[in-house]
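Spelled out from the first residue to the last, the chains are:
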Amino acid sequence: VYLGGTGAANKLTDYESGNWTPVLGSTGTNPTITYSSVRNGFYTKVGRLVTLTGNIEMSAYSGNGGNLRIEALPFSVSTATNYRACGSIVIVNTVNDLTGSYTSIQLAFNSGGSCQMFYRLGSTGGMLELPSTLVDAGTGFRFQITYMTA
């Protein structure tokens, strides 16, 4: 595939798309999860740029500890110094109040890290990670993030 011309500099040599299966993990003890029939992920990779979208729904959840993560990424995250990437997430069907004094919830990567969920604390503007204790059976996650690979 050539973009913007037919010269060698315009040839797209690295394109890939497919499916992946997202996994919820934790910075502490990984939770015990029974996933519902809705757990899927899709990716598109163009050069070093990767875009992930996905859905995760759980019918049972226990073993809370640490901060929640989305793991088993299809491509490693850039290890460049101070690299960050952000994405969007919607959390549905949870019985716990995830809003409180927070103004937004977002996905973020740290350099070389796995996908992380953060709270943004409205009163100070600081970022706090989402404790896995706030997640319960029936919670669903719908997300999108774009990042650079290593």
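Residues numbered from 1 in each chain as written. Predicted model: local features only at pLDDT ≥ 70, side-chain atom pairs only at ≥ 80, totals over all residues. Heavy atoms only, no water.

## Digging into the confidence of the model for the protein chain
Working step 1: Confidence along the protein chain averages 83 in pLDDT terms, with 86% of residues attaining 70 or more.
Working step 2: Across the protein chain, element-level confidence peaks in strand β1 (residues 15-20) with a mean pLDDT of 95 and bottoms out in strand β8 (residues 115-121) with 69. (pLDDT = per-residue confidence, 0-100. Helix = DSSP H or I, 4+ residues; strand = E, 2+ residues; numbered from the N terminus.)

## What about unusual backbone geometry?
Working step 1: Residue A72 is not a glycine yet carries a positive backbone phi of 65°.
Working step 2: Among the structural elements, A72 can be located in the loop between β5 (68-71) and β6 (84-92).
Working step 3: A positive phi angle, close to 60°, is found at N82, a residue other than glycine.
Working step 4: When you line up the elements, N82 lands in the loop between β5 and β6.

## Details of the pairing of strand β10 (residues 140-148)
Working step 1: Here nine bridges tie strand β4 (residues 49-62) to β10, and the two strands are oriented antiparallel to one another. Bridge pairing in β10 links G54 to F143.
Working step 2: Pairing between β6 and β10: six bridges, direction antiparallel. Each residue of the ladder has a partner; that of G87, found in β10, is I145. (Pairing = 2+ DSSP bridges.)

## Some points on the nonpolar core
Proteins that are soluble and globular tend to have nonpolar side chains buried together.
Working step 1: Ranked by internal contacts, the top residues of the largest apolar core, which has 27 residues, are L24, M117, F141 and Y147.
Working step 2: Sorting the residues of this core by element identifies β3 (32-46), β4, β5, β6, β7 (102-110), β8 and β10 as the ones contributing at least two each.
Working step 3: Contact partners of Y147, with chain neighbours within four places excluded, come to R48, L49, V50, L52, L73, P74, F75, S76, V77, Y83, A85 and F109. (Core = buried A, V, L, I, M, F, W, Y, C linked by side-chain atoms within 4.5 Å. Buried < 20%, exposed > 50% of the residue type's maximum accessible area, 1.4 Å probe, protein only. Contact = heavy atoms within 4.5 Å.)

## Examining the environment of L49
Working step 1: Here L49 shows up in strand β4.
Working step 2: Among the residues examined, L49 registers a relative accessible area of 40% and is labelled partly exposed.
Working step 3: As for L49 and T149, which are separated by 100 residues in sequence, their C-alpha atoms are 6.5 Å apart.

## Describing the environment of T94
Working step 1: Within the secondary structure, T94 sits in the loop between β6 and β7.
Working step 2: Of the residues examined, T94 reaches a relative accessible area of 22% and is grouped as partly exposed.
Working step 3: C-alpha of T94 to C-alpha of F141: the two residues are 47 residues apart in sequence and 9.9 Å apart in space.
Working step 4: If we skip the residues at most four places from it in the chain, T94 touches L134, D136 and T139.

## Comments concerning the pairing of β4
For a regular strand, side-chain orientation follows a simple rule: the groups alternate between the two sheet faces.
Working step 1: Strand direction decides the pairing type here: β3 and β4, joined by 12 bridges, are antiparallel. Each residue of the ladder has a partner; that of N40, found in β4, is N55.
Working step 2: Between β3 and β4, which pair antiparallel in sequence order, lie two residues; one of them, G47, sits at a positive phi of approximately 60°.

## Description of the packing of aromatic side chains
Working step 1: Evaluation of the coordinates by the stated rule reveals three aromatic pairs.
Working step 2: For the ring pair W20 and F143, a centre distance of 6.3 Å and an interplane angle of 65° mean the geometry is edge-to-face. You can see W20 sitting in strand β1 and its partner F143 sitting in strand β10, a full 123 residues away along the chain.
Working step 3: Under the relative-accessibility criterion, W20 is labelled buried at 7%.
Working step 4: The exposure class of F143 is buried, given its relative accessible area of 6%.
Working step 5: Plain terms: the ring middles of Y43 and F75 are 5.3 Å apart, the flat faces sit at 80° to each other, and that makes the pair edge-to-face. One end of the pair, Y43, is in strand β3; the other, F75, is in the loop between β5 and β6, with 32 residues separating them in the sequence.
Working step 6: With a relative accessible area of 17%, F75 lands in the buried category.
Working step 7: One Lys or Arg, R39, reaches over the ring of Y35 and ends 3.8 Å from the middle of that ring. (Phe/Tyr/Trp six-rings, centres within 6.5 Å; stacked < 30°, edge-to-face > 60°. Lys NZ or Arg CZ within 6 Å of the ring centre and 35° of its normal.)

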